[in-house]
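Okay, here's what each chain looks like letter by letter:
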Amino acid sequence: MKKEVQQMREIMSATTRMSDYALKEAGAAIDLQRSSSSSAWLCSVFGLLCAPPLLDTFVQPDSSPGYCWPFQGSRSEVLIRLPVQIRPTAVTIQHTSRIASPWGTVSSAPRDFTVSGLDEEGEDETLLGIFTYTVQKEPTQTFPLQNGIPRAFRFLKLGIRSNWGKPGYTCIYRVQVHGKIVGRNAVGQTPE
């Protein structure tokens with residue numbers, strides 16, 4: 001029982017003070033089969049020798065400049081498999097700040113995006129909100145989802161629809177999913 005309580009404390013986001021169910025250490029993962037791919041093309045964009053970026057970068061708590069999930073262009077989708085079924089209440093998107101950016105710009109930040117919940121098979125999709133990340137605000141922004149979400153989800157889809165003007169690529173530094181666990185008690189057991 002102590003182990004489960006400690007795990008829940010560890011997945012609390014330091015920035016939002018809410019549980020983060022999209023954290024890799026908590027058991028979240030990216031569904032690589034149903035997500036847009038990120039590839040080694042970014043290494044050639046920057047003219048550097050580097051390893052291809054990992055798609056699960058943004059479900060880890062490091063938001064250092066350059067440590068992001070990059071994708072070509074300004075539109076992409078990623079499916080996040082949550083560790084348990086949750087009734088989502090909000091998502092938090094994080095990008096680097098203008099001050100921390102080596103180029104002094106954040107034009108690669110996502111702008112317009114959608115969040116949808118999917119059933120266990122990933123077939124039935126429910127739109128949970130349409131949002132705009134604003135670069136003039138703080139780098140970490142939380143977006144409340146629609147009130148009265150009728151059910152819990154094991155998968156959430158983040159659909160990036162535009163960025164802040166970078167023609168070649170868009171970067172996502174971190175995504176957090178907040179909500180309430182459904183169908184489990186405080187020690188992680190399914191009720192009988």
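Refer to the structure above for everything that follows.
Keep in mind that this is a model prediction, so the values were computed, not measured.

*Asks:* Could you clarify how one ought to interpret the nonpolar core in this entry?
*Replies:* The tendency in soluble globular proteins is for nonpolar side chains to be buried as a group. Membership of the largest hydrophobic core comes to 30 residues, with the highest contact counts inside it found for Phe113, Val115 and Leu158. Mapped by element, the contributors of at least two residues to this core are β2 (69-72), β3 (76-94), β4 (112-118), β5 (125-132), β7 (153-160) and β9 (174-181). Excluding its chain neighbours within four sequence positions, the residues that come into contact with Val115 are Val91, Thr126, Leu127, Leu128, Gly129, Phe131, Leu145, Leu156, Lys157 and Leu158.

*Asks:* Looking at this structure, I do not really get the pairing of β7. What am I missing?
*Replies:* Within a regular beta strand, the side chains point alternately toward one face of the sheet and then the other, so they alternate between its two faces. Burial of β7 is extensive: seven of the eight residues sit out of reach of the surface. Pairing of β3 with β7, which is carried by seven bridges, proceeds in the antiparallel orientation. Counterpart to Leu79 in the pairing with β7 is Lys157. Pairing of β4 with β7 involves six bridges; the strand directions are antiparallel. Opposite Phe113, over in β7, you have Ile160 as the bridge partner.

*Asks:* Teacher, can you tell me more about the pairing of β9 here?
*Replies:* Most of β9 sits inside the fold, with six of its eight residues counted as buried. Where β3 meets β9, eight bridges bridge the pair, whose relative direction is antiparallel. Its bridge partner being in β9, Ile86 is matched across the sheet by Ile181.

*Asks:* Which parts of the structure should I look at to understand the packing of aromatic side chains?
*Replies:* Where two aromatic rings form a pair, the distance of their centres and the angle of their planes describe that pair. Here the structure, examined in full by the defined rule, presents three aromatic pairs. Seen in terms of ring centroids, Phe113 and Phe143 are 5.1 Å apart; in terms of plane orientation they differ by 80°. Their pairing is edge-to-face. Highlighted residues: Phe113 in strand β4 and Phe143 in strand β6 (residues 140-144), separated in sequence by 30 residues. Accessibility assignment for this pair places Phe113 and Phe143 in one class, buried. Centre to centre, the rings of Phe131 and Phe143 are 5.4 Å apart; their planes meet at 50°, and the pair counts as tilted. Linking Phe131 in strand β5 with Phe143 in strand β6, this pair joins segments that are 12 residues apart in sequence. The class of Phe143 is buried, set by a relative accessible area of 9%.

*Asks:* Just checking my understanding: could you explain the environment of Phe131 for this structure?
*Replies:* Judged by its relative accessible area of 12%, Phe131 is buried. Separated by 30 residues in the primary sequence, Phe131 and Arg161 have C-alpha atoms spaced 9.9 Å apart. In this structure, Phe131 is in contact with Arg111, Asp112, Phe113, Val115, Phe143, Pro144 and Leu145, ignoring residues within four places of it in sequence.

Thresholds applied
Residues numbered from 1 in each chain as written. Predicted model: local features only at pLDDT ≥ 70, side-chain atom pairs only at ≥ 80, totals over all residues. Heavy atoms only, no water. Core = buried A, V, L, I, M, F, W, Y, C linked by side-chain atoms within 4.5 Å. Buried < 20%, exposed > 50% of the residue type's maximum accessible area, 1.4 Å probe, protein only. Helix = DSSP H or I, 4+ residues; strand = E, 2+ residues; numbered from the N terminus. Contact = heavy atoms within 4.5 Å. Pairing = 2+ DSSP bridges. Phe/Tyr/Trp six-rings, centres within 6.5 Å; stacked < 30°, edge-to-face > 60°.

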